[in-house]
Amino acid sequence: MAAVKNSLPRRQFDVVVVGAGGSGMRCSLQLAQAGLSVAVLSKVFPTRSHTVAAQGGVSASLGNMSEDNWYWHMYDTVKGSDWLGDQDAIEFMCREAPNAVYELEHFGMPFDRNADGTIYQRPFGGHTANFGEKPVQRACAAADRTGHAMLHTLYQRNVAARTQFFVEWMALDLLRNEAGDVLGVTALEMETGEIYVLEAKQTVLATGGAGRIWAASTNAFINTGDGLGMAARAGLPLQDLEFWQFHPTGVAGAGVLITEGVRGEGGILLNKDGERFMERYAPTLKDLAPRDFVSRSMDQEIKEGRGCGDGSYVVLKLDHLGAETIQKRLPSIREIAIKFANVDPIKDPIPVVPTIHYQMGGIPTNIYGQVVSYANGETTPVNGLYAIGECAATSVHGANRLGTNSLLDLIVFGRSAGNHIVGTHPEKQHAHQPIPESAIDYSLDRVNKIESRTSGEKTQDVANAMRMSMQHHCGVFRTLDLLAKGVDSIEGVAQQVDNIYFKDKSKVFNTARVEALEVSNMIEVAKATTKSAANRTESRGAHALSDHPERDDENWLRHTLWFSEGSRLEYKPVTMKPLTVDSFPPKARTF
Ligand SMILES: Cc1cc2nc3c(=O)[nH]c(=O)nc-3n(C[C@H](O)[C@H](O)[C@H](O)COP(=O)(O)OP(=O)(O)OC[C@H]3O[C@@H](n4cnc5c(N)ncnc54)[C@H](O)[C@@H]3O)c2cc1C
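Quick caveat, the model's predicted, so the values are computed rather than measured. Each chain carries its own residue numbering, running from 1 in the direction its sequence is written. Whole-chain, interface and lining totals are the exception, using all residues; otherwise, since this is a predicted model, local features are given only for residues with pLDDT of at least 70 and side-chain atom pairs are given and counted only at 80 or more. To get the side-chain values, take all heavy atoms of the structure and skip hydrogens and water.

**Q** I would appreciate a short explanation of the sheet that holds strand S13 (residues 314-317) in the present structure.
**A** Sheet strands associate in pairs through backbone hydrogen bonding, adopting either a parallel or an antiparallel arrangement. Two strands qualify as a pair provided that DSSP identifies no fewer than 2 bridges between them. In this text, helices come from DSSP runs of H or I with a minimum length of four residues, and strands from runs of E with a minimum of two, each type numbered from the N-terminal end. Pairing is antiparallel across the open sheet formed by four strands, whose spatial order is S11-S14-S13-S12. This sheet does not close on itself; its edge strands, each paired only once, are strand S11 (244-251) and strand S12 (268-270). Between one strand and the next, the sheet's axes are offset by a mean angle of 45°, whatever the strand orientation. Note on definitions: a residue-residue contact is assigned when non-hydrogen atoms from the two residues lie within 4.5 Å. Only the stretch in contact is used when fitting a helix axis, every axis being a line fitted to C-alpha atoms; angles between N-to-C directions are given from 0 to 180 degrees. Seen against the sheet, helix H10 (residues 331-341) touches S11 and strand S14 (350-359) and runs at an angle of roughly 110° to S14.

Right, here's the structure in full:
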């Protein structure tokens, strides 16, 4: 082993999983059950990860309510992705879905039930029967708390399997050797302020989304894209970050999510004239068209002067569902509406606006969750590194994710990555590879620089400047001019990030230190997003350019790869070939 210069405490594991959301805990369960030594790190207690907030459901073609099959689900997902999703990964996910959901059922997840005892399923945007003919009920639900039920089920299973949790630990940087292999992470124990080296034969990033780079977001405060920042600093590309989903129904002014399940249960969107305007934009699927479609239609209504109240929102009406259905199927939604919008939806409609919700892009992986690099037309797995869940671009969601396909993505690819790692037999490799001191020093220097600064910019001022800039330049509708200004503006903010300081230098549970480190991750995501968006001169899925309203398959049916060094862009082909079935060729996307 190389001479040890720094005196950081070290721990060794077969596998380190960074993140205890649905994806991280589905993966760790597979690993712990196989007898590997697994450390799962989380900035918060595991059951407080953002997965807990998922409301509407998890998709699988169980066919409990009417006929359904995985091939229809696959078609809907390809079309929903506006053909940017990789069709091998989409086939894999949709085929695995029923098994993955039944497995959760057998783990004890408390799904709602039909009278015959089967899992209750509700309709959700973009999910159809027979290739777009009519909506189908595919979202398996536990009231409007599906993520809560899933996360608690997985946590309990992990406790039983003796997964080791490192609660309130923040991973800082990936540790790579000269060959580029990943050998673990540096991590901050928040309670003591100590930094550790966690050595691992395999490292899994499961750090969730980065929706907090916008001012108006449905995301938890911890969703700061740490895994993306770590990957970017380690020289790895970030894929398709121009594609961010605006959820149509965030509570106006508060951003808190009102699940699409409300429209699944029969809720409808109205403009100030009381018109159900989605009938005009999407005659077949109406309020249940995919999210990018509904968000743009709402924005259009508001821009054309048909917004409600002060003109800045539309309303979601559900009183016609009746008090009993609302209380049984949507109890938390009623609570949110009363608390955050001051309306009781049993009587009055909820004011809503499109709000940032989900990142389709992320760290590129294959269907085993292995992170892949791309050079000279070749895709190669990075030794020792996996990414799963929202932080990964596998890429099943392409340019737009269908509702309930994310919870599915977590369990399918969490499990798949776990199985792949078990197959590499890390327990049989006797020693951990030596970690170069330079990799550890890089991470320490980075923290020490922020730590030792005694003047400069305040973390919250810089974070707010970034969020306002993203909100202004990178909204539901974009123009090339606005995006170019966004690139410059975010570059300016990035310089401020290099000058962040905080006054309180104490070690024990110093949240100022954590927040400063989070901003250094968020800015990588903001840079990747603006740069990738400003270069894509077409409209596809969630990336809607007013000055280039058409999709351009000839030039742009390809994935964006952004590299932090020099903010460089590259492109790689979309995998159009599924695993076993025929490809779905691109066609116009109408609903
Ligand atoms: C309000 C809301 C409702 C949603 N509803 C649905 C729905 O009904 N159906 C659906 O399919 N999808 C839904 N989604 C999307 C879906 O819930 C998320 O995409 C998914 O839960 C993300 O899971 P994850 O495992 O990737 O990460 P998360 O659940 O976000 O967990 C991330 C984990 O990483 C940890 N972490 C992050 N950074 C670090 C670090 N530096 N060091 C250590 N740990 C770290 C965190 O502590 C956390 O444990 C919803 C999303 C939101 C915001």
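**Q** How should I be thinking about the pattern of salt bridges in this particular structure?
**A** Where charged atoms of side chains with opposite charge meet at close range, the side chains can pair. In what follows, salt bridge is the name for a side-chain nitrogen of Lys or Arg lying within 4 Å of a carboxyl oxygen of Asp or Glu. According to the stated counting rule, one finds 40 salt bridges in the structure shown. With a shortest N-O distance of 2.6 Å, Arg-276 and Asp-287 are connected by a salt bridge. You can see Arg-276 sitting in the loop between S12 and helix H7 (278-281) and its partner Asp-287 sitting in the loop between H7 and helix H8 (291-303), a full 11 residues away along the chain. Taking the relative accessible area as the measure of exposure, Arg-276 reaches 27% and is therefore partly exposed. Each of the salt bridges in this network shares a partner with another, and the network as a whole consists of Asp-82, Glu-242, Asp-292, Arg-296, Arg-536, Glu-538, Arg-540, Arg-551, Asp-553 and Arg-589. Exposure classes here rest on a 1.4 Å probe applied to the protein chains alone. A residue is buried below 20% of its type maximum, exposed above 50%, and partly exposed in between.

**Q** Where do I start with the site of the ligand in this structure?
**A** A cutoff of 4 Å decides nearness: a residue is near a molecule or strand if any of its heavy atoms lies inside that distance of it. Taken together, 38 residues form the shell around the ligand, and within it Ser-49, His-50, Thr-51, Glu-390 and Leu-407 come nearest. Between the ligand and Gln-55 there is a distance of 3.3 Å, counted from an oxygen atom to a backbone nitrogen or oxygen. Asp-226 has a polar side-chain atom sitting 2.8 Å from a nitrogen atom of the ligand. In terms of residue count, helix H11 (residues 405-423) provides more of the shell around the ligand than any other element does, four residues in total. Tallied by class, residues from the shell around the ligand come to 14 nonpolar, 20 polar and four charged. Pairs of N or O atoms are called polar contacts if they sit within 3.5 Å, as long as, within protein, a hydrogen donor faces a hydrogen acceptor (for residues adjacent in sequence, only side-chain-to-side-chain pairs). We call Asp, Glu, Lys and Arg charged. Ala, Val, Leu, Ile, Met, Phe, Trp, Tyr, Cys and Pro are nonpolar, and the rest, Gly among them, are polar.

**Q** Sorry, what's going on with the UniProt feature "modified residue: Tele-8alpha-FAD histidine" (unreviewed entry) in the protein chain here?
**A** UniProt positions are given in the numbering used here, feature names are shortened, and annotations may be inferred rather than shown by experiment. What UniProt calls "modified residue: Tele-8alpha-FAD histidine" (unreviewed entry) maps, in this numbering, to His-50. By relative accessible area, His-50 is classed as partly exposed at 23%. Excluding anything up to four places from it in sequence, His-50 contacts Thr-218, Asn-219, Ala-220 and Asn-223.

**Q** How do you make sense of the pairing of strand S2 (residues 38-42) when you look at a structure like this?
**A** For a regular strand, side-chain orientation follows a simple rule: the groups alternate between the two sheet faces. The buried count for S2 comes to five of five residues, which makes it a mostly enclosed element. Along S2, one buried face is formed by Val-38, Val-40 and Ser-42 and the opposite face, lined by Ala-39 and Leu-41, is buried too. Sheet topology note: the strand S1 (residues 10-18)/S2 ladder contains four bridges and is parallel. Bridge pairing in S2 places Val-16 opposite Ala-39. By the criterion used throughout, a crossover qualifies as right-handed when its path from the first strand across the helix to the second strand runs clockwise, the strands pointing away from the viewer. Assessed by its sense of winding, the connection that carries the chain from S1 through helix H1 (residues 22-33) to S2 is right-handed. As paired elements, S2 and strand S6 (residues 164-167) share four bridges and run parallel to each other. Looking at the pairing, Ser-42 lines up with Val-167 of S6.

**Q** Looking at this model, I keep getting lost on the packing of helix H14 (residues 480-497) against helix H15 (residues 511-535). Mind explaining?
**A** When two helices pack together, their arrangement is given by the angle between their axes and by how far apart the axes lie. Closest axis-to-axis distance for the H14/H15 pair is 9 Å, and the angle between their directions is 160°. Our classification of the angle between H14 and H15 gives roughly antiparallel. The way H14 lies across H15 gives a crossing that is left-handed. Here H14 contributes Leu-480, Leu-483, Ala-484, Gly-486, Val-487, Ile-490, Glu-491, Val-493, Ala-494 and Val-497 to the contact with H15, which in turn contributes Val-519, Ser-520, Ile-523, Ala-526, Lys-527, Thr-530, Lys-531, Ala-533 and Ala-534. Roughly parallel means an angle under 35 degrees; roughly antiparallel means over 145; roughly perpendicular covers 65 to 115; every other angle is labelled oblique. Here a crossing is called left-handed whenever its near helix is offset anticlockwise from the far helix by less than a right angle, and right-handed whenever the offset is clockwise.

**Q** Help me out: how do you make sense of the pairing of strand S22 (residues 568-573) in this one?
**A** In this structure, strand S21 (residues 558-563) lies alongside S22, joined through six bridges in antiparallel fashion. Residue pairing across strands places Arg-558 opposite Pro-573, the latter belonging to S22. Hairpin connection between S21 and S22: a loop of four residues separates the two successive antiparallel strands, and Gly-566 in this loop has a positive phi of roughly 70°.

**Q** How should I be thinking about the packing of helix H5 (residues 226-233) against H15 in this particular structure?
**A** At a closest axis distance of 8 Å, the pairing of H5 and H15 adopts a crossing angle of 75°. Judged by the inter-axis angle, H5 sits roughly perpendicular to H15. Where H5 approaches H15, its residues Asp-226, Leu-228, Gly-229, Met-230, Ala-232 and Arg-233 are matched on the opposing element by Glu-518, Ser-520, Asn-521, Glu-524 and Val-525. Here the contact of H5 with H15 is built from residues that sort into four nonpolar, three polar and four charged.

**Q** Mind showing me how you'd approach the environment of Ile-90 here?
**A** Mapped onto the elements, Ile-90 comes out in helix H3 (residues 87-107). Classification of Ile-90 by relative accessible area gives buried; the value is 0%. Note: C-alpha distance between Ile-90 and Arg-212 (122 residues apart in sequence) is 27 Å. Ignoring anything within four residues of it in the chain, the contact list for Ile-90 reads Met-74, Thr-77, Val-78, Gly-85, Ser-395 and Val-396.

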